[in-house]
Amino acid sequence: MGEDRNTSRREFLLPLENWAVHIALTGATGFLGSRLLVQFLRRGAEVTVLARPRPRGVEDHLATVLAALRTPDTLLHRLRRRVRVVEGDISLPRLGLPPDRFRDLADRVDAVWHCAGDIRLNADLASLRTVNVQGIRHVLELAGTGRRSPRLYHVSTAFVAGSRRDGVAYERDLTDEHGFENSYEQSKYEAELLVHAWARRHQRPAVILRPSILVSDRPPREDLPGHTLQVIGDVARSGLEAVAASGSGPAPGEHPLVRMAGRGDGHLNFLPVDWAAVAMALLAERCHGPGVSTFHVVHPRDTPVTVLVRLFEHFLPVRLELHEGTVHDATELERMSDFYPGFSPYLRHRRRFDDTAARRLLGHLPPPPDIDLPYLLAGMDPAPRPARRSPPQEPATPRLLPAEPQPASNAPDRPGPAPTEEEAPARSDRALWYPGDRPPAYTADDVLPYVPNVREPAHLVAAPDGRIGLALGGSAAPAAGRTGIPLLGTLPPLRPEWLGDRSFAEAHGTLFPYIAGEMANGIATTTMVTALAEAGLLGFFGAAGLDPDHVERAVHELTTRLGTRPNWGVNLIHSPAEPGLEDRVAGLLLRHRVPAVSASAFMELTPAVVRLSATGLRRDAHGRVHRRTRVFAKVSRPEVASAFLSPAPEALLRRLVDDGRLTEDEARLAARVPVAEDITVEADSGGHTDNRPLTVLLPAVLALRDALARAHDYDRPVRVGAAGGLGTPAAVAAAFALGAAYVLTGSVNQAAVESGLSDDARAMLAAADVADVTMAPAADMFELGVRLQVLRRGTLFAGRATRLHELYRDHASWDAVPAQDRALVERDILQAPFDTVWAETRHFWQGRDPGQAARAESDLRHRMALVFRWYLGRSSRWAIDGHTERRADYQIWCGPAMGAFNRWTADSFLADPARRTVVQIARNLLEGAAVLTRAHQLRGYGVTVPPAAFDFPPRPLT
């Protein structure tokens, strides 16, 4: 018995996990459930099938169904060994089982998959609730009873979106405010509410899978469960027969016109059931988050409603015409044409289903084949018909089709009757595209408005004169009265969520490969981090420069606000002059289980950062090492990157074990994994920077990452992101083009309303240009001569701080400084006598680190350094607190990205400082990067793309 080409060809492109679990599965005899059962058997799981009794036995029926699906013999043998049937009824309490048998079943399962349901679109709500609502209630009883706390997987439907016919239905949406097209949708909505309530009550995770309309290109068979369109086809034929019997039907050979409600520009989402089963199994493998995770399992390309019209015409002796409004002068045949009222409203739908979370986890799973007319005909007609099938493509690769005819070996692989004249163009040797309501664009002016539509497939078409044009919408299926245009290739949708490395979003629980925050002294506030996390981004609180008590209060606030969300963290800055402070902050981050930490300004590994990386390391059932704390390392030198890309040194690990700060097991695992699995390459930026260009630094670190991964034989790659200079969509797009897994923005977020900077300082940032920055000494590494980048325009801080460092470098004590210079410093910079500032400084260090104060009593040069550092430290506080009388001394960390951002946002809504939110900044940078990436793609394939296409003006985004 051979493999099913349509499933195995895709699935075996990906490694299969070995599921050493026991699964309870409802609906295994159904259209989707039978395919899921095959996936579970492929992965070696033990399965208990919960099913109603059948006359010839459920197990024999399953064997017949799986054989009809052309399941390999090896899996059919597993059916007898790995599948146990429990006959019951999900509409009954305890599934209709005796209490002891129900308890025994509950205690043995590791996962519960609920796939059973009543899918009748024309049934009444009371009947549907019996199975769809009471059924999930009793399945939840099973999942909540077992001592193993099994994970729950509930198969719902994307159509819980209800009667909303336009716009986008998001995975997180669950509302009845739009009403429902039929009672089936409402029953599935009510079932999802029960899942959410159960998960909250039991504090247990659950996964909701929402497929669209599942179909197959297998011809109908009595031993195979059917799908929705087959049911509709049968109902329509039966209805027409009834009409004919009443004398109202068409005469033999006649094809009367029937007008029916629908939209000619409508579209619906159909998905091959085999692909859906593979995708659901992969989502189960890769989703380990808390709470309820919801995924739309949908096709990336909708099927036009006009294709359905042609499908119905194939089975019914009528000609169908869509009307958006009500047909007031309906004929008798038209009044009787709505044979399946639960489905008819879908002919008016134009909405799309967002599947960002699902795509993030599915990664490079090849896309499903297009659901066109030949595909649908093959799945409904008892006589198989030829179907055009496209080989699986990687999502980011255009499907380039040859312009010349192909050899006969590439003909469709299913025999069937010759195509009709109407079908012939779609099955010719040259692929054609049929325009919809938007004509193809060949000139620069016509191409320009099409480029920003990155969420639609972009079709590359050929003009008679050889030019390559861009087409949106339309269809590969022939359209009456429209001439086909040669189709050269199709670029799939390009969403901002798909930029960078998709494993970033999976690992950190984000929607987008984007980080913001870390600005020191709490400028990256808890409000900023919260806003980013709630929008599906990653934010880091700016802990550098704050005392541990302040940091702990912020961490407590964030854990209270964000709960178990994984997409937030706190900055840990290297403090070579205060190793005790660094260690205390690391300890409180571990104590409060902060999910992510960004280690910045490190010049070498320290016990604190290694302890953060290694604490809580463990292996899962598959042998993979899991981290409790996800450590990011922000680096600007390859030698520092090398330290974080390598396992922690044995000497450091041994020291931490001896001190009781790591266990032997943690140290052993830490010796096998890199210190950080996310490396942020920081180019020319605000604050600490080496002013290196990203185009040089990022490729160097990427090459180093690959070399060290091979040397240490890591089981998964380290992600390398980009930071520095990212203030425009062009810069963000360039970073991703260089190979960045994610981007991190800094300077531009200081101008956001959630920033800890004062309104006065934010106004100064809003006036900055690209050259309005300079270098100045850093307060935390003053004695070492480390410099950072700050705003120059409107402030004298850089020059004054540089003068203080020169005096420290050239003189052994304050008294050794020439009197004229001392007077200038006290009058213009400190604006107070040196001894007064020293008294304040000594009091500060006696509370923070008494050793520093004690040393300064005898080391007069160190005393001078601490006083000068007082000015550097206070200058940033003056900017934060808005001490306008000290505006000339504001220290505002800033890179040239701030000026580029101001130029980009000029004359847009983001020019107003009051409208600059971190989420709007992020969404516009990412959206613009996607548009620019699409523009580069189109230009690379020969489309005439005007320069204006590379200019993305900011706009409010949701």
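Residues numbered from 1 in each chain as written. Predicted model: local features only at pLDDT ≥ 70, side-chain atom pairs only at ≥ 80, totals over all residues. Heavy atoms only, no water.

### Concerning the overall build of the chain
Now for step 1: When helices and strands are counted, the chain shows 33 helices and 33 strands.
Now for step 2: Relative to its 958 residues, the chain shows a buried fraction of 56%.
Now for step 3: Taking as baseline every contact in the chain between residues at least 6 positions apart, the subset at least 24 positions apart corresponds to 76%.
Now for step 4: When the accessible surface of the chain is totalled, it reaches about 38,200 Å², and 52% of it is carbon and sulfur. (Helix = DSSP H or I, 4+ residues; strand = E, 2+ residues; numbered from the N terminus. Buried < 20%, exposed > 50% of the residue type's maximum accessible area, 1.4 Å probe, protein only. Contact = heavy atoms within 4.5 Å. Areas by Shrake-Rupley, 256 points an atom, 1.4 Å probe, with all protein chains shown as cover.)

### Regarding unusual backbone geometry
Across residues other than glycine, the phi torsion is negative in most instances, and most of the peptide bonds are trans.
Now for step 1: In this structure, Glu-518 is a non-glycine residue whose phi angle is positive, near 80 degrees.
Now for step 2: Locating Glu-518 in the fold gives a position in the loop between strand E21 (514-517) and helix H17 (526-534).
Now for step 3: In this structure Glu-518 comes out as buried when scored by relative accessible area, which is 7%.
Now for step 4: Even without being glycine, Asp-907 reaches a positive phi, approximately 70 degrees.
Now for step 5: Along the chain, Asp-907 turns up in the loop between helix H32 (897-905) and helix H33 (918-940).
Now for step 6: The exposed category is assigned to Asp-907, whose relative accessible area is 82%.

### What to know about the pattern of salt bridges
If charged atoms from side chains of opposite charge come close, those side chains can pair.
Now for step 1: What the rule picks out here adds up to 56 salt bridges.
Now for step 2: The residue Glu-857 makes a salt bridge to Arg-863 at a minimum N-O spacing of 3.6 Å.
Now for step 3: Here Arg-863 falls in the buried class, since its relative accessible area comes to 19%.
Now for step 4: Members of the salt-bridge network, linked through shared partners, are Asp-166, Arg-263, Asp-265 and Arg-350. (Salt bridge = Lys/Arg side-chain N within 4 Å of Asp/Glu carboxyl O.)

### Side note on the packing of aromatic side chains
Now for step 1: By the definition in use, this model includes 20 aromatic pairs.
Now for step 2: For the pair Tyr-871 and Trp-878, a centre-to-centre distance of 6.2 Å together with 65 degrees between the ring planes defines the contact as edge-to-face.
Now for step 3: Note on Tyr-871: relative accessible area 0%, which makes it buried.
Now for step 4: When its relative accessible area of 5% is taken as the criterion, Trp-878 is described as buried.
Now for step 5: For the pair Phe-901 and Trp-904, a centre-to-centre distance of 5.9 Å together with 70 degrees between the ring planes defines the contact as edge-to-face. A residue pair is termed a helical-turn pair when its members lie 3 or 4 positions apart in one helix, as Phe-901 and Trp-904 do in helix H32 at 3 residues. Note on accessibility: Phe-901 and Trp-904 belong to one class, buried.
Now for step 6: Of note, Arg-172 hangs over the ring of Tyr-170, and the distance from its end group to the ring centre comes to 4.9 Å. (Phe/Tyr/Trp six-rings, centres within 6.5 Å; stacked < 30°, edge-to-face > 60°. Lys NZ or Arg CZ within 6 Å of the ring centre and 35° of its normal.)

### As for the confidence of the model for the chain
A low pLDDT score tells you not to read the predicted coordinates there in detail.
Now for step 1: On average, residues of the chain carry a pLDDT of 86, and 89% of them reach 70 or more.
Now for step 2: Segment residues 1-15 is flagged for pLDDT under 50; beyond a separation of four residues in sequence, or across chains, it makes 41 contacts in the model.
Now for step 3: Under a pLDDT of 50 for its full length, residues 382-429 has, in the predicted model, 83 contacts with residues more than four places off or in other chains. (pLDDT = per-residue confidence, 0-100.)

### Remarks on the pairing of strand E1 (residues 22-26)
Now for step 1: A large share of E1 lies buried, amounting to 5 of its 5 residues.
Now for step 2: Burial along E1 is two-sided: the residues His-22, Ala-24 and Thr-26 and Ile-23 and Leu-25 are all buried.
Now for step 3: Pairing of E1 with strand E2 (residues 46-51) involves 5 bridges; the strand directions are parallel. Counted as the bridge partner of Leu-25 is Val-49 from E2.
Now for step 4: Each parallel crossover has a hand, and the one from E1 via helix H2 (residues 33-42) to E2 is right-handed.
Now for step 5: Here E1 pairs with strand E4 (residues 111-114) via 4 bridges, running parallel. The partner of Ile-23 across the bridge, within E4, is Ala-111. (Pairing = 2+ DSSP bridges. Right-handed = clockwise from strand over helix to strand, strands pointing away.)

### A closer look at the packing of helix H19 (residues 579-591) against helix H20 (residues 607-614)
Now for step 1: Running from N to C, H19 and H20 cross one another at 10 degrees; their axes reach a closest spacing of 9 Å. Comparing their axes, H20 and H19 come out roughly parallel. Pair H19 / H20 crosses with right-handed handedness. Here Glu-582, Asp-583, Ala-586, Gly-587, Leu-589 and Leu-590 of H19 lie close against H20, whose contacting residues are Ala-608, Arg-611 and Leu-612. (Axes fitted to C-alpha atoms, helices over the stretch in contact; angles between N-to-C directions. Parallel < 35°, antiparallel > 145°, perpendicular 65-115°, else oblique. Left-handed = near helix turned anticlockwise from the far one by under 90°.)

### As for the sheet that holds strand E29 (residues 687-688)
Now for step 1: Spatially, E29-E33-E32 is the arrangement adopted by the 3 strands of the open sheet, whose pairing is antiparallel. Single-partner strands in this sheet number two, and they are E29 and strand E32 (773-777).
Now for step 2: Strands in contact with helix H27 (residues 797-810) are E32 and strand E33 (787-791); relative to E32, the strand with the most contacts, it is inclined by about 30 degrees.

### Focus on H32
At 3.6 residues per turn, the α-helix brings residues three or four places apart onto the same side.
Now for step 1: Counting buried positions along H32 gives 7 out of 9 residues, so the element sits mostly inside the fold.
Now for step 2: Considered for burial, the residues of H32 that qualify are Ala-897, Met-898, Gly-899, Phe-901, Asn-902, Trp-904 and Thr-905.
Now for step 3: Check the buried side of H32 and you find it contacts helix H25 (729-737), helix H26 (759-766) and H33.
Now for step 4: Directly after H32, the chain includes Asp-907, whose backbone phi takes a positive value near 70 degrees.

### Quick notes on the environment of Gly-342
Now for step 1: Position of Gly-342 relative to the elements: it lies in the loop between helix H12 (332-335) and strand E15 (352-353).
Now for step 2: The contacts of Gly-342, once residues within four sequence positions are left out, are Leu-121 and Asn-182.

### Things to note about the nonpolar core
Now for step 1: Formed by 164 residues in total, the largest nonpolar core has its most connected members in Tyr-514, Phe-644, Ile-679 and Phe-868.
Now for step 2: Sort the elements by how many residues they give to this core and H33 lands first, with 12 residues.
Now for step 3: Among residues more than four places away in sequence, those in contact with Tyr-514 are Phe-504, Leu-537, Leu-538, Val-743, Thr-745, Asn-749, Ile-921, Ala-922, Leu-925 and Leu-926.
Now for step 4: In this structure, Ala-51, Trp-275, Val-278 and Ala-284 belong to the second largest nonpolar core, which totals 55 residues. (Core = buried A, V, L, I, M, F, W, Y, C linked by side-chain atoms within 4.5 Å.)

### Notes on the packing of helix H21 (residues 638-645) against helix H24 (residues 694-712)
Now for step 1: Here H21 crosses H24 at 35 degrees, and the two axes come no closer than 10 Å. Crossing of H21 over H24 shows right-handed handedness. Touching Pro-638, Ala-641, Ser-642 and Leu-645 of H21 are Leu-697, Val-701, Leu-704, Arg-705 and Leu-708, all from H24.
Now for step 2: Of the residues contributing to the contact of H21 with H24, the split by class is 7 nonpolar, 1 polar and 1 charged. (Nonpolar A, V, L, I, M, F, W, Y, C, P; charged D, E, K, R; others polar.)

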